[in-house]
Amino acid sequence: MFSLPLALRPLTLALVTTLLAACGGGSPGTVSSPDSSGTAAREQAEALRSPPPSLASVGERLFNETRLSASGQLSCAGCHVAAQAHADKAGGFLPVGGLAMDQQGLRSSPSLRYLNGTPAFSIDDQGRAHGGLFWDGRANDRVAQARGPLFAAKEMANADVASYVRRLRTAAAFADLLAASGLPASASDAQLLDASLQALARYQQQDPAFAPFSSKFDAVQDGRARFSEQEARGFAAFTDPRKGNCAACHSASPPANAPAGARALFTNHAYFALGVPRNRSAATQDPAFHDLGLCGPQRSDLSAQASLCGKFRVPSLRNVALTAPYFHNARFQTLEEVVGFYATRDLDPARWYPVVNGQVQRFDDLPAVYQANVHRGPPFDRRPGQLPALSPQEVSDIVSFLKTLSDGFQVPAGPQS
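> A description of the environment of N329 should follow, citing residues and the corresponding values.
Summarising the element assignment, N329 is placed in the loop between β6 (312-313) and α11 (335-344). For N329, a relative accessible area of 3% translates into the label buried. Sequence-wise, N329 and S281 are 48 residues apart; in three dimensions their C-alpha atoms are separated by 8.8 Å. With near-sequence residues (within four places) excluded, N329 lies in contact with F93, L94, V276, P277, R278, N279 and D365.

> Report on the packing of helix α7 (residues 174-181) against helix α8 (residues 189-206), specifying residues and quantitative values.
Relative to each other, α7 and α8 sit at 90 degrees, their axes nearing to 10 Å. On the basis of their axis angle, the class for α7 and α8 is roughly perpendicular. Contact residues: F174, L177, L178 and S181 in α7; L192, A195, S196 and A199 in α8. Each residue belonging to the contact of α7 with α8 can be placed in one class, and the counts come to six nonpolar, two polar and no charged.

> Any details on the packing of aromatic side chains? Residues and values, ideally.
Overall, the coordinates contain 25 aromatic pairs when judged by the stated rule. Relative to F401, the ring of F227 has its centre 5.9 Å away and its plane inclined at 80 degrees; by these criteria the two rings are edge-to-face. One end of the pair, F227, is in the loop between α9 (216-221) and α10 (229-239); the other, F401, is in helix α12 (residues 392-402), with 174 residues separating them in the sequence. Taking the relative accessible area as the measure of exposure, F401 reaches 0% and is therefore buried. Taking the ring centre of F134 as reference, the NZ or CZ of R138 above it sits at 4.0 Å. Between the NZ or CZ atom of R318 and the centre of the ring of Y114, over which it lies, the distance is 5.1 Å.

> Residues and numbers for the side chain of N319, please.
One can find N319 in the loop between β6 and α11. A distance of 2.8 Å separates a polar atom in the side chain of N319 from the backbone nitrogen of D407. If we skip the residues at most four places from it in the chain, N319 touches A85, R113, Y114, L405, S406 and D407.

> Quick rundown of the nonpolar core? Include the residues and the values.
A general feature of soluble globular proteins is that nonpolar side chains tend to end up buried together. Counting residues in each nonpolar core, the largest one holds 47 residues, and the members touching the most others are F238, F266, F327, I398, F401 and L402. For this core, the secondary-structure elements that each account for two or more residues are α9, α10, α11 and α12. With residues near it in sequence (within four places) discarded, F327 still touches S108, W135, L274, V276, F332, V338, F341 and Y342. Of all hydrophobic cores here, the second largest spans 35 residues; its members include L55, F63, L74 and A77.

> Before we move on, can you summarise the state of the cysteines with the specific residues and values?
Under the criterion given, the structure shown has one disulfide. There is a disulfide in this structure between C295 and C309, and the S-S distance comes to 2.2 Å. Note on the C295 and C309 pair: the S-S dihedral is about -90 degrees, so by sign convention the disulfide is left-handed. On the criterion of sequence distance, the pair formed by C295 in the loop between β5 (271-272) and β6 and C309 in the loop between β5 and β6 is long-range, its members being 14 residues apart. A relative accessible area of 0% means that C309 is categorised as buried. In this structure C79 is not part of a disulfide, and its nearest cysteine sulfur, from C76, lies 8.7 Å away. With a relative accessible area of 13%, C79 lands in the buried category. The closest cysteine sulfur to the non-disulfide-bonded C246 is located on C249, 9.1 Å from its own sulfur. The buried category is assigned to C246, whose relative accessible area is 19%.

Thresholds, definitions, all that
Residues numbered from 1 in each chain as written. Predicted model: local features only at pLDDT ≥ 70, side-chain atom pairs only at ≥ 80, totals over all residues. Heavy atoms only, no water. Helix = DSSP H or I, 4+ residues; strand = E, 2+ residues; numbered from the N terminus. Buried < 20%, exposed > 50% of the residue type's maximum accessible area, 1.4 Å probe, protein only. Contact = heavy atoms within 4.5 Å. Axes fitted to C-alpha atoms, helices over the stretch in contact; angles between N-to-C directions. Parallel < 35°, antiparallel > 145°, perpendicular 65-115°, else oblique. Nonpolar A, V, L, I, M, F, W, Y, C, P; charged D, E, K, R; others polar. Phe/Tyr/Trp six-rings, centres within 6.5 Å; stacked < 30°, edge-to-face > 60°. Lys NZ or Arg CZ within 6 Å of the ring centre and 35° of its normal. Polar contact = N/O pair within 3.5 Å; in protein donor to acceptor, adjacent residues only side chain to side chain. Core = buried A, V, L, I, M, F, W, Y, C linked by side-chain atoms within 4.5 Å. Disulfide = S-S within 2.5 Å.

Below is the structure:
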């Protein structure tokens with residue numbers, strides 16, 4: 001066996017000890033430099049650290065966080081209830097918020113589901129509005145939409161960005177927001193606002209609950225279920241241009257340019273004035289007030305375009321059976337009322353509008369100067385003496401079909417009838 005001369009052994013031992021120390025190894029008694037040991041400790045801590053939370057998971061917590069409101073009592077989920085397809089809570093009217101939770105909102109809370117495919121707001125060369133979020137299209141994406149309620153005086157009522165960020169810093173999810181966004185605790189107010197909005201948007205974009213496509217309609221389309229006789233009649237009346245003509249705006253087919261496998265969204269993202277009757281709310285106590293949709297009051301850039309006044313976005317009908325009350329002003333509480341209004345608005349206006357001195361106040365929630373904007377195509381295009389486009393039975397049938405658009409359908413076991 002090879003062995004070193006005795007004279008060289010101390011020198012070799014010293015050299016090996018030096019090399020081990022330089023590599024961070026050696027026996028427990030080995031002395032390392034402060035820099036090398038500190039680096040090793042930091043690397044070990046980094047390796048043991050759990051991965052940062054996803055921005056979407058943080059967004060879910062912020063969505064349910066009441067501390068983000070000036071009142072400390074209202075979260076995004078307070079007006080967009082999961083059990084109601086992320087729309088108004090069951091049995092409600094217009095949402096209530098504000099600093100003291102005593103301010104009635106102007107419009108109903110639309111469902112937040114099935115919005116990922118919504119195009120940005122635009123007006124074509126024929127003056128027709130298309131796309132955008134909210135009832136008046138004033139937000140082009142979920143980030144802009146998330147920002148709106150945070151600073152609306154009748155909703156979460158934050159006075160400014162600084163006051164909002166002060167509240168955000170007290171939220172239980174704040175540390176995780178920093179980690180998910182890669183921000184330091186010293187991040188600016190603008191950075192923290194943007195990070196929280198991105199988290200809220202990412203949650204709604206990525207969580208399957210916002211676009212499950214799990215309705216009976218989807219199961220029927222997939223061949224896993226069949227409509228009942230009444231549902232089938234309702235679907236036929238819904239799509240028939242001589243009957244409900246509903247599919248003209250609430251398309252039951254995927255968009256023409258959609259990728260393979262896309263599902264119907266039941267909206268064409270357009271805007272219409274339907275002459276919905278005036279409601280009784282805090283805003284309408286002033287007889288001079290009118291909600292003009294695209295023309296304001298919640299957006300002001302289109303106020304001079306008279307042809308757009310009174311028009312509101314066509315919402316998706318997915319989950320419509322869960323999202324009462326209906327229309328922008330929450331005027332109707334049931335689907336039967338809504339479909340009946342379409343069927344008889346022009347044939348029996350006294351059923352829907354007030355009568356003063358024997359005169360029906362038709363389209364009473366729209367100033368006379370804008371009433372020419374009211375849509376009069378099918379199924380409204382009926383003259384006195386004609387039958388409605390929809391019989392009472394067909395109204396009932398369409399309502400039955402609309403209920404097949406609710407998420408969460410479970411295919412029954414055994415043969416389908």
